[in-house]
Each structure stands twice: as structure tokens, then as C-alpha cells.
Amino acid sequence: MDDVHESELMPVYHAAREGTSEVPRLFMLVREDLDEDDEVVREVVAYGIALPGGAAATVAARGSGFGRWISPESASRRLCSELVWVS
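Residues numbered from 1 in each chain as written. Predicted model: local features only at pLDDT ≥ 70, side-chain atom pairs only at ≥ 80, totals over all residues. Heavy atoms only, no water.

Undergrad: Before we go on, may I ask you to explain the pairing of strand S1 (residues 25-34) in this structure?
TA: As a general feature of sheets, a regular strand has side chains that alternate between the two faces. Across 10 bridges, the pairing between S1 and strand S2 (residues 40-50) is antiparallel. Residue pairing for S2: Arg25 is matched across the bridge by Ala50. Remark: five residues form the turn of the hairpin made by S1 and S2, two consecutive strands paired antiparallel; Asp38 in that turn has positive phi of roughly 60°. Examined bridge by bridge, S1 and strand S5 (residues 82-85) share four bridges and lie antiparallel to one another. For Val30, the partnering residue across the bridge sits in S5 and is Glu82. (Pairing = 2+ DSSP bridges. Helix = DSSP H or I, 4+ residues; strand = E, 2+ residues; numbered from the N terminus.)

Rendered as C-alpha cells:
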């Protein structure tokens with residue numbers, strides 16, 4: 001592999017530990033609030049990906065931030081939002 005540069009190596013996902021996902025999964029973090037007419041408004045706070053091993057990464061819906069989390073559930077709690085899995 002002397003002629004293969006590090007950036008050209010294929011990523012390897014190892015077998016998942018119990019309770020974790022082997023393949024990445026997409027999710028959204030959604031927050032509910034009331035508008036001026038007391039109507040419920042749902043707002044996407046962030047888009048995320050659950051990584052192999054259980055960690056997660058998020059990007060703010062307004063494009064103003066990036067987060068790395070222990071889990072999607074942790075991101076949801078810290079951002080006071082609902083975790084919604086994308087199928």
C-alpha cells in the first residue's frame with residue numbers, strides 16, 4: 001500500500017457493539033413553539049447523522065453551527081428538541 005495515500009483509503013466500519021448502529025442513520029432535531037396566534041409551530045433545529053459506534057454529528061438548520069455528540073439522544077437533550085429519525 002505504499003502507493004496509496006491516506007486520503008484515498010476506503011473507510012472501514014467495524015462490527016457494531018450491542019445497542020449501536022452499524023450504518024449511519026439520518027435524523028432531525030425538531031422544536032415546538034407557539035406563534036403569536038397560539039398556534040403550534042414546529043421548527044427544525046438541526047440535521048444530523050448517527051455514526052457507527054453511537055456518536056452523532058449535527059449541522060444547524062440555519063447553517064450557523066456544527067456539533068459532535070455522544071449520541072443523537074444527547075444532542076436532542078442538550079438542544080431541548082425532539083429527535084425525529086428520517087426513514
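Let's pick the thread back up.
Undergrad: Would you take a moment to explain the nonpolar core for this structure?
TA: A general trend in soluble globular proteins is that nonpolar side chains are found buried together. In terms of nonpolar packing, the biggest core is built from eight residues, these being Phe27, Leu29, Val45, Ala46, Ala50, Ala56, Trp69 and Ala75. Those elements that provide at least two residues to this core are S1 and S2. Of all the elements, S2 adds the most residues to this core, at three residues. Ignoring sequence-local partners within four residues, the contact set of Ala75 consists of Leu29, Thr58 and Trp69. (Core = buried A, V, L, I, M, F, W, Y, C linked by side-chain atoms within 4.5 Å. Buried < 20%, exposed > 50% of the residue type's maximum accessible area, 1.4 Å probe, protein only. Contact = heavy atoms within 4.5 Å.)

Undergrad: Help me understand the pattern of salt bridges in this model?
TA: Where charged atoms from two side chains of opposite charge come close, those side chains can pair. According to the stated counting rule, one finds three salt bridges in the structure shown. Arg42 serves as the salt-bridge partner of Glu82, at 3.6 Å between the closest nitrogen and oxygen. Remark: Arg42 occurs in strand S2 and Glu82 occurs in strand S5; sequence separation between them is 40 residues. Judged by its relative accessible area of 45%, Arg42 falls in the partly exposed class. In this structure, Arg62 engages Glu43 in a salt bridge whose closest nitrogen and oxygen atoms are separated by 2.8 Å. (Salt bridge = Lys/Arg side-chain N within 4 Å of Asp/Glu carboxyl O.)

Undergrad: Explanation requested: the sheet that holds strand S4 (residues 66-69) in the structure shown.
TA: The strands that make up a sheet are held in pairs by hydrogen bonds between backbone atoms, and each pair lies either parallel or antiparallel. Pairing is antiparallel in the open sheet, where five strands are placed in the order S4-S3-S2-S1-S5. Of all strands in the sheet, those bounded by a partner on one side alone are S4 and S5. Each strand axis lies, on average, 30° off the axis of its neighbour in the sheet, ignoring direction. (Axes fitted to C-alpha atoms, helices over the stretch in contact; angles between N-to-C directions.)

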